[in-house]
Amino acid sequence: MNGSTAQARVLVDELARAGVTDAVLCPGSRNAPPAFALARADERGTVRLHVRIDERAAGFLALGLSLASGRPVPVVVTSGTAAANLHPAVLEASHSGVPLLVLTADRPPELVGTGASQTVDQAGLYGGAVRWAGALPVPVGTTEPEARRWRAVVARMFAAAVGAGAGAPGPVHLDLPYTDPLVPDDDPPGPDTGHDDAGPPGADLPAGRPGGVPWTAVSRPVRALPPLELDPGARTLVVAGAGGPAADPGLLGGAPLVAEPSSCWWAHALRTGPWLLDRPELRPTQVVVLGRPTLHRGVAALLADPSVAVFADPGTDGAPWTDVAGTVRAVGALPALSPPEDWVRSWRDADRAAATSLDTALDDGTAAGAPGLRLARDLVAAQPDGGQLVLGSSNPVRDVALAAVPRSGLTVRSNRGVAGIDGTVSTALGAALAHPGPTALLLGDLTLLHDTTGLVVGPGEPSPDLTVTVLDDDGGGIFHLLEQGGPSHAHAFERVFGTPTGVDLVALARAAGWRAADWGGDAGELAARPGSGRRLVRVAAHRAGLRDAHAELRRVVAAALD
């Protein structure tokens with residue numbers, strides 16, 4: 001057995017022993033050794049393989065698989081620009097704490113800088129975005145000492161990805177230079193299954209630990225934070241974003257909670273909390289930040305107020321705490337709170353009044369210029385218990401935060417690490433493949449187009465139950481709500497921010513093998529169902545009235561409270 005084949009088989013075998021169940025692969029020449037090894041593992045049932053043609057989509061597919069399963073997922077690509085195309089997914093994984101294993105094939109070191117084809121300097125390619133980076137020497141043989149080192153590197157890489165070192169979970173990078181031969185020179189594997197405790201007949205692959213256990217067992221750390229030393233009886237508002245500690249509503253003591261949809265606390269949050277943050281009578285004296293909130297300007301303004309005491313609980317996975325304005329006074333665990341009952345009652349009364357006025361406005365046409373809000377409310381309510389909902393960045397995740405009724409029984413995910421629109425379709429496909437129930441995805445037309453190749457799932461590839469709802473307003477609706485959407489910038493807005501495309505999204509999805517249709521108006525059409533396969537529902541909309549509609553809703557809610 002040649003050295004490239006032996007090394008690739010040992011690495012794949014050790015990854016499976018460490019707990020990897022899924023791997024993503026893009027075709028290439030230089031990464032042929034791990035490609036053959038992964039195909040072999042898929043045939044033997046030790047690793048489920050997902051093949052994609054686009055490295056950026058593959059990176060986000062692996063991220064979605066890891067996000068939903070909690071297990072590290074390797075993505076394996078060839079050298080050169082293929083490795084660079086993984087960078088967006090690496091950045092998202094880094095900032096959202098997702099254990100992504102990036103394995104890049106490479107040319108031999110002596111060819112770097114010589115003008116050789118598909119050859120770049122891949123050392124340090126992802127900079128500080130990875131928790132660990134390393135490279136193996138070119139495999140030239142197959143010996144026990146070499147195999148031990150290969151397996152030990154997997155353990156070290158795995159430990160860094162799951163946060164077993166000093167930091168939080170995140171992506172890691174292993175560079176794998178190969179030289180010819182790149183293809184196996186032994187007979188195809190027989191029908192035997194299981195780990196390589198001993199190689200197949202006639203092979204000289206060094207064995208792993210008996211019983212299929214990892215070469216080096218890595219224990220995940222158990223971290224704890226001391227309770228925050230704050231006044232539990234003060235007027236305390238709790239703000240929750242992505243990440244952070246596990247939800248324990250018993251600690252709140254009735255304290256008002258404003259949570260983003262992708263937070264594990266969202267089911268316990270006030271429905272209209274984001275609409276109430278500027279009310280003087282509801283102003284807190286202290287705020288506890290759970291995880292990393294990124295959605296609402298009202299939250300950012302509150303945390304920047306020097307008259308409000310701000311405390312942070314980032315959770316126990318080693319992630320840094322959020323402190324954009326530099327106002328955090330202490331970092332620790334959320335203690336049991338007991339805010340004043342009359343103040344808690346004021347928040348609850350305001351939430352009920354705001355929710356009633358909001359629903360009326362969504363249903364009577366007052367908010368017709370912001371169709372995404374009503375769509376978000378109805379889509380969330382339509383999902384079955386046990387389902388999963390993935391939200392695109394820009395308006396969809398904000399529409400759910402502003403209009404939907406927080407609920408239990410639904411797992412909500414969103415790429416909030418860097419909050420880009422990159423790879424959203426692929427993230428949802430990966431999350432759906434790792435989730436035991438059906439999955440829905442809500443996104444905008446530009447976000448869909450940004451990951452067009454994510455729609456491509458080859459014949460024979462694992463395919464989930466995923467219902468995609470795309471709000472098609474032919475452009476970038478969120479920019480209407482930002483400063484550049486103001487009347488004074490109308491002369492340049494449509495071309496450089498609105499960016500209409502005119503693409504027929506239903507035809508595009510059908511061309512990629514999806515069942516696709518325009519929405520008929522029944523919220524039940526938006527519900528993800530077991531056995532539904534891959535389908536897309538296009539909701540046609542206009543964005544010209546978006547800015548005015550949001551302003552009118554703010555007036556309606558304020559009037560109800562006044």
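Structure shown above.
Residues numbered from 1 in each chain as written. Predicted model: local features only at pLDDT ≥ 70, side-chain atom pairs only at ≥ 80, totals over all residues. Heavy atoms only, no water.

A word on the packing of helix H8 (residues 341-364) against helix H15 (residues 546-561). With their axes 9 Å apart at the nearest point, H8 and H15 run at an angle of 140° to one another. Between H8 and H15, the angle falls in the class oblique. The two elements H8 and H15 cross, and the hand of that crossing is right-handed. In this structure, H8 uses Ala350, Ala353, Ala354, Ser357, Leu358 and Ala361 to contact H15, whose residues at the interface are Leu553, Val556, Val557, Ala560 and Leu561. Of the residues belonging to the contact of H8 with H15, the class tally is 10 nonpolar, one polar and no charged. (Axes fitted to C-alpha atoms, helices over the stretch in contact; angles between N-to-C directions. Helix = DSSP H or I, 4+ residues; strand = E, 2+ residues; numbered from the N terminus. Parallel < 35°, antiparallel > 145°, perpendicular 65-115°, else oblique. Left-handed = near helix turned anticlockwise from the far one by under 90°. Contact = heavy atoms within 4.5 Å. Nonpolar A, V, L, I, M, F, W, Y, C, P; charged D, E, K, R; others polar.)

One open sheet accounts for six strands, arranged S2-S1-S3-S4-S6-S5; its pairing is parallel. The open sheet has two edge strands, strand S2 (48-51) and strand S5 (132-135), and neither has a second partner. The average undirected angle you get between the axes of adjacent strands in this sheet is 20°. Pairing geometry for strand S3 (residues 73-77) and strand S4 (residues 100-106), over five bridges, is parallel. By the bridge assignment, valine 75 is partnered in S4 with valine 102. Contacting strand S1 (22-25), S2 and S3, helix H2 (residues 32-44) runs over the sheet at an angle of about 130° to S2. Contacts between helix H6 (residues 144-161) and the sheet are confined to S4, S5 and strand S6 (172-177), with S6 contributing the most and set at about 155° to the helix. (Pairing = 2+ DSSP bridges.)

Here we take up a nonpolar patch on the surface. Residues Leu225, Trp321 and Val331 make up a contiguous nonpolar surface patch of roughly 250 Å² in combined accessible area. The topology assignment puts valine 331 in strand S11 (residues 328-331). (Patch = residues over 30% accessible without salt bridge, like charges linked within 9 Å, V, L, I, M, F, W, Y side chains within 5 Å. Areas by Shrake-Rupley, 256 points an atom, 1.4 Å probe, with all protein chains shown as cover. Salt bridge = Lys/Arg side-chain N within 4 Å of Asp/Glu carboxyl O.)

To continue, consider the sheet that holds strand S12 (residues 387-391). Two strands in a sheet stick together by hydrogen bonds in their backbones, pointing the same way (parallel) or opposite ways (antiparallel). The six strands are arranged S13-S12-S14-S15-S17-S16 in an open sheet whose pairing can be described as parallel. Among the strands making up the open sheet, the edge pair consists of strand S13 (410-414) and strand S16 (515-518). Taken pair by pair, the neighbouring strands of this sheet meet at an average axis angle of 20°, ignoring direction. In terms of strand pairing, strand S14 (residues 439-444) meets strand S15 (residues 466-472) through six bridges, oriented parallel. By the bridge assignment, leucine 442 is partnered in S15 with threonine 469.

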